[in-house]
Amino acid sequence: MRFLSMPLIVAALLVGCSDDPDPTPTPDSGSPQQDAGNPPEDSGTTPPDAGPPPEDAGTQEPDAGVPPEDAGTQEPDAGVPPEDAGPLPSGPPVPQGPPNVPEFPPAFPGQTRAPAVQSQTQFQVTEVTSGIRNPWAIAFLPDQRMLVTEKPTGRLYIVTQQGAKSPAVTGMPAVDGRGQGGLLDVEVGPDYAESRLIYWTYAEPRQGGNGLAVARAKLVDGAQPAVENVQVIFRMMPTLESTLHSGGRLVFTPDGKLFVTLGERSILEGRAQARDVKSHFGKVVRINPDGSVPQDNPYVNTQGAKPEIWSVGHRNILSAALDGQNRLWIVEMGPQGGDELNRPEAGKDYGWPTIGYGEEYSGAPIHQSPTGEGMEQPVYYWDPVIAPSGMTIYSGTLFPEWRNNIFVGGLAAQSLVRLMVRNDRVVGEEHLLKGRNERIREVVQGPEGALYLLTDATNGKVLKLTPR
């Protein structure tokens, strides 16, 4: 296996280059951290689709999105199109700027810049509600009302299909809302009908810093909704002082397990731990709904390892969803020129920061090579980046053309990114809603098969896509 050379580490320490496009702080967050990748807002020219938005856009730095409730009938393979799908797409990719790291060629054909495709399905966009400050995640209650998180404030709301918003749910714990922290994902427990349990992720203030935590509590519905008996079931360790790269997606599996995606905190102290099984940084973890550790996890019997770990070597995972075979897919926020689509498997190493296709936002190198022994290749990568957020794999019936397609919220791309997948390879890409000029934070499939989106702004919106 390869490791970062000392010159590269020194270079990274000196340049302080940007981890993520658009590191705009919330008005109450103060200055963003300048560490292993966060430039000032006025840092000058950035690559196409990755530049900071106007300061008055009220945007947040790129982080994650919510997996869907398992709505609708699913296909046996998330990447197999209908029989009448015809030949594979061909032609030029989606229009974009030149690659940031052209010296790193893809490991196989189609690993980046897949042919551009265009949906034949006509759809309409309805604004369900607005006025939510930088919303982050949606989860559906059984009656089709939505739980919506407000990232910087730590508030949770219930929103009806008609757009009515409840008072903020009381009883929620305090959050560290600076930077990429705050209240992040929310999910409805698989046994909600009996238990009334909901689950959420948040940046937990701690002595000596902060860290991602997963909590659950009973939702008490009513005119003034509340949560009762809050229980923290998982804490990312170690504690570190950073406002960046917490990850935070939750995905329940049909066998009752819970995946939690984690970032490596961005600063070099955290980044160096992304492949270390003694740390939660840069990992996918898998727990039971009460926080206990499944005994078939890959590192349960590895001395010194965190037993919750499922896979290692990730950067900042803000997108996660299950496919029709109940396999986990993720999209992780990369450096400049290195966003990745991965399908993490138990015990595998996805290489960050030793390998990858990007560079620091200063232009300084990170990797000596995009490949390395014992480390997995991404299914797909973006160079330039899209700044990925929420993710769903469509399984509904409202949009037959889109079945089994992967949808990813694009923050820097300001679009809904659609990926056609066949045999676990991306064969086509489309950027929808580009003309709206809105950062898409979340995409989730609703119970009726519509797509629901969140826009990342101080006046954030819930949008609904339905056939025209």
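Structure shown above.
Model, not experiment: these values are computed from the prediction. (Residues numbered from 1 in each chain as written. Predicted model: local features only at pLDDT ≥ 70, side-chain atom pairs only at ≥ 80, totals over all residues. Heavy atoms only, no water.)

Description of the overall build of the chain
Then, number 1: Of regular secondary structure, the chain possesses 3 helices and 23 strands.
Then, number 2: In the chain, buried positions account for 62% of the 468 residues.
Then, number 3: In the chain, the share of contacts with a sequence separation of at least 24, taken over all contacts with a separation of at least 6, comes to 64%.
Then, number 4: Carbon together with sulfur atoms contributes 51% to the accessible area of the chain, which is approximately 16,600 Å² in total. (Helix = DSSP H or I, 4+ residues; strand = E, 2+ residues; numbered from the N terminus. Buried < 20%, exposed > 50% of the residue type's maximum accessible area, 1.4 Å probe, protein only. Contact = heavy atoms within 4.5 Å. Areas by Shrake-Rupley, 256 points an atom, 1.4 Å probe, with all protein chains shown as cover.)

Description of the environment of Leu398
Then, number 1: Within the fold, Leu398 resides in the loop between β17 (388–393) and β18 (406–410).
Then, number 2: The class of Leu398 is partly exposed, set by a relative accessible area of 32%.
Then, number 3: As a C-alpha pair, Leu398 and Ala450 span 52 residues in sequence and 6.7 Å in three-dimensional space.

Looking at the packing of aromatic side chains
Then, number 1: The final tally for this structure, using the stated rule, is 9 aromatic pairs.
Then, number 2: Geometrically, the ring pair formed by Tyr199 and Phe252 is edge-to-face, given 5.0 Å between the ring centres and 80 degrees between the ring planes. Of this pair, Tyr199 sits in strand β6 (residues 197–206) while Phe252 sits in strand β9 (residues 247–252); the two residues are 53 residues apart in sequence, bridging distant segments of the chain. Neither Tyr199 nor Phe252 differs from the other in exposure class; each is buried.
Then, number 3: By the ring-pair criterion, three or more aromatic residues cluster together here, those being Phe123, Tyr394, Phe399, Trp402 and Phe407.
Then, number 4: Above the face of the Tyr157 ring, Lys165 is positioned so that its terminal group lies 4.6 Å from the ring centre. (Phe/Tyr/Trp six-rings, centres within 6.5 Å; stacked < 30°, edge-to-face > 60°. Lys NZ or Arg CZ within 6 Å of the ring centre and 35° of its normal.)

Re the sheet that holds strand β16 (residues 380–382)
Then, number 1: The strand order across the open sheet formed by 4 strands is β13-β14-β15-β16, and the pairing between neighbours is antiparallel. A strand with exactly one partner marks an edge of an open sheet, and here the two such strands are β13 (317–322) and β16. The mean inter-strand angle of the sheet, taken between neighbouring strand axes irrespective of direction, is 15 degrees.
Then, number 2: Both β13 and strand β14 (residues 328–332) contribute to a ladder of 5 bridges, which runs antiparallel. Opposite Leu322, over in β14, you have Leu328 as the bridge partner. (Pairing = 2+ DSSP bridges. Axes fitted to C-alpha atoms, helices over the stretch in contact; angles between N-to-C directions.)

With respect to the nonpolar core
Then, number 1: Residues Leu147, Trp200, Leu219 and Val260 are the most contacted members of the largest nonpolar core, which totals 50 residues.
Then, number 2: Excluding residues within four positions of it along the chain, Val260 makes contact with Leu212, Val214, Arg249, Leu250, Lys283, Val284, Val285 and Ile287.
Then, number 3: In this structure, Val379, Trp382, Ile386 and Ile393 belong to the second largest nonpolar core, which totals 18 residues. (Core = buried A, V, L, I, M, F, W, Y, C linked by side-chain atoms within 4.5 Å.)

Brief notes about the environment of Arg235
Then, number 1: Inspection of the secondary structure assignment puts Arg235 in strand β8 (residues 226–235).
Then, number 2: Classification of Arg235 by relative accessible area gives partly exposed; the value is 39%.
Then, number 3: The sequence separation of Arg235 and Gly291 amounts to 56 residues, and the corresponding C-alpha distance is 9.5 Å.
Then, number 4: Discounting residues that sit within four places of it in the chain, Arg235 has contacts with Glu204, Arg206, Leu212, Ala213 and His280.
Then, number 5: At 2.9 Å, the side chain of Arg235 and the side chain of Glu204 are in polar contact. (Polar contact = N/O pair within 3.5 Å; in protein donor to acceptor, adjacent residues only side chain to side chain.)

Focus on the sheet that holds strand β2 (residues 135–140)
Then, number 1: Ordered in space as β2-β3-β4, the 3 strands form an open sheet in which the pairing is antiparallel. Either end of the sheet is taken by a strand with one partner, and the two such strands are β2 and β4 (155–159). Shown here is a sheet whose adjacent strand axes are inclined to one another by a mean of 25 degrees, direction ignored.
Then, number 2: Sheet topology places strand β3 (residues 146–150) next to β4; 5 bridges connect them, and they run antiparallel. Paired with Met146 across the strands is Val159, a residue of β4.

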